[in-house]
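So you can see what is in the structure, the chains are spelled out below.
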Amino acid sequence: MRCALLGWAGLLVLTACSGGGAAAPGGSATGPCPQVAFVDSQANLMTPARGATGVSPAIGQISVAYGNAAVVQFGVTLAPSDGSASLHAAPPLSGVFPSSGIVTIPIPVLKSGVTYTVTGQSIDLAHVACFTQVTGNFGSFTTQ
């Protein structure tokens, strides 16, 4: 199902951005794909909760919610407060888009006593012909 949807999305891109001239990625002033990006104001860290403290470093997964359930989620970045390298984690490819807008993502064991800020990137399917980027600022949590 995911392959069929992505193939359909690719066809839309080719159709929407082809025609009377070449359009740069993201479109042009005269093309159908404006250069815009959205911030999802309803993005939220669900598990652990936004602002949680005392979270087990071995929690194993986090759940994030998007305001728009029609997104292709590319994963999250966990930026630690101690200045060490950020972690990237991606959801398993199940071929099913969550109708709830909530995505559960496996994560490795984290460091103790560190605050992690969680952000993510996705594509809004309502604007897939232009590959509109959506940024989610989910919040942060602190490990025990």
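> Looking at this structure, I do not really get the overall build of the protein. What am I missing?
Check the secondary structure of the protein and you find one helix and eight strands. Scanning the protein from its N terminus toward the C terminus, one meets helices and strands in the order α-β-β-β-β-β-β-β-β. For the protein, with 144 residues in total, the buried portion stands at 34%. The long-range share in the protein, meaning contacts at least 24 apart out of those at least 6 apart in sequence, stands at 66%. With the model as given, the accessible surface of the protein reaches about 7,700 Å², and the carbon-plus-sulfur share is 62%.

> Explain the nonpolar core to me, please; I cannot follow it from the model alone.
Soluble globular proteins tend to pack their nonpolar side chains together in the buried interior. Ranked by internal contacts, the top residues of the largest apolar core, which has 19 residues, are Ile-62, Val-64, Val-76, Leu-78, Val-118, Phe-138 and Phe-141. Of all the secondary structure elements, the ones that give two or more residues to this core are β3 (61-65), β4 (71-80), β6 (102-106), β7 (115-124) and β8 (133-142). Setting aside anything within four residues of it in sequence, one finds Phe-138 in contact with Ala-43, Asn-44, Leu-45, Arg-50, Val-64, Ala-65, Tyr-66, Val-76, Val-118, Thr-119 and Gly-120.

> Explanation requested: the sheet that holds β6 in the structure shown.
In a beta sheet, neighbouring strands are held together by backbone hydrogen bonds and run either parallel or antiparallel to one another. Across the sheet, which stays open at both edges, the three strands sit in the order β2-β3-β6 with antiparallel pairing between neighbours. The sheet terminates laterally at β2 (44-47) and β6, the two strands that pair on one side only. Along the sheet, successive strands turn relative to each other by an average axial angle of 30°, direction set aside. Here three bridges tie β2 to β3, and the two strands are oriented antiparallel to one another. By the bridge assignment, Asn-44 is partnered in β3 with Ala-65.

> Would you mind going over the side chain of Ser-63 with me for this structure?
When you line up the elements, Ser-63 lands in strand β3. Given a relative accessible area of 10%, Ser-63 falls into the buried group. One polar contact links Ser-63 to Thr-104, side chain to side chain, over a distance of 2.9 Å.

> Mind showing me how you'd approach the confidence of the model for the protein here?
Close reading of the predicted structure is inappropriate where its pLDDT is low. Looking at the protein as a whole, the pLDDT averages 75, with 60% of positions reaching at least 70. The secondary structure element of the protein with the lowest average pLDDT is helix α1 (residues 2-16), at 43, and the one with the highest is β2, at 94. The low-confidence segment residues 1-30 (pLDDT under 50) makes 26 contacts with residues lying over four places distant or belonging to another chain.

> Just to check I follow, could you spell out the environment of His-88 for this structure?
Along the chain, the position of His-88 falls in strand β5 (residues 87-89). Spatially, the C-alpha atoms of His-88 and Leu-78 are 6.4 Å apart, while their sequence positions differ by 10 residues. Once you skip the residues sitting within four places of it in the chain, His-88 turns out to touch Phe-74, Gly-75, Val-76 and Thr-77. Of the polar contacts made by the side chain of His-88, one reaches the backbone oxygen of Val-76; its length is 3.1 Å.

Cut-offs and rules
- Residues numbered from 1 in each chain as written.
- Predicted model: local features only at pLDDT ≥ 70, side-chain atom pairs only at ≥ 80, totals over all residues.
- Heavy atoms only, no water.
- Helix = DSSP H or I, 4+ residues; strand = E, 2+ residues; numbered from the N terminus.
- Buried < 20%, exposed > 50% of the residue type's maximum accessible area, 1.4 Å probe, protein only.
- Contact = heavy atoms within 4.5 Å.
- Areas by Shrake-Rupley, 256 points an atom, 1.4 Å probe, with all protein chains shown as cover.
- Core = buried A, V, L, I, M, F, W, Y, C linked by side-chain atoms within 4.5 Å.
- Pairing = 2+ DSSP bridges.
- Axes fitted to C-alpha atoms, helices over the stretch in contact; angles between N-to-C directions.
- Polar contact = N/O pair within 3.5 Å; in protein donor to acceptor, adjacent residues only side chain to side chain.
- pLDDT = per-residue confidence, 0-100.

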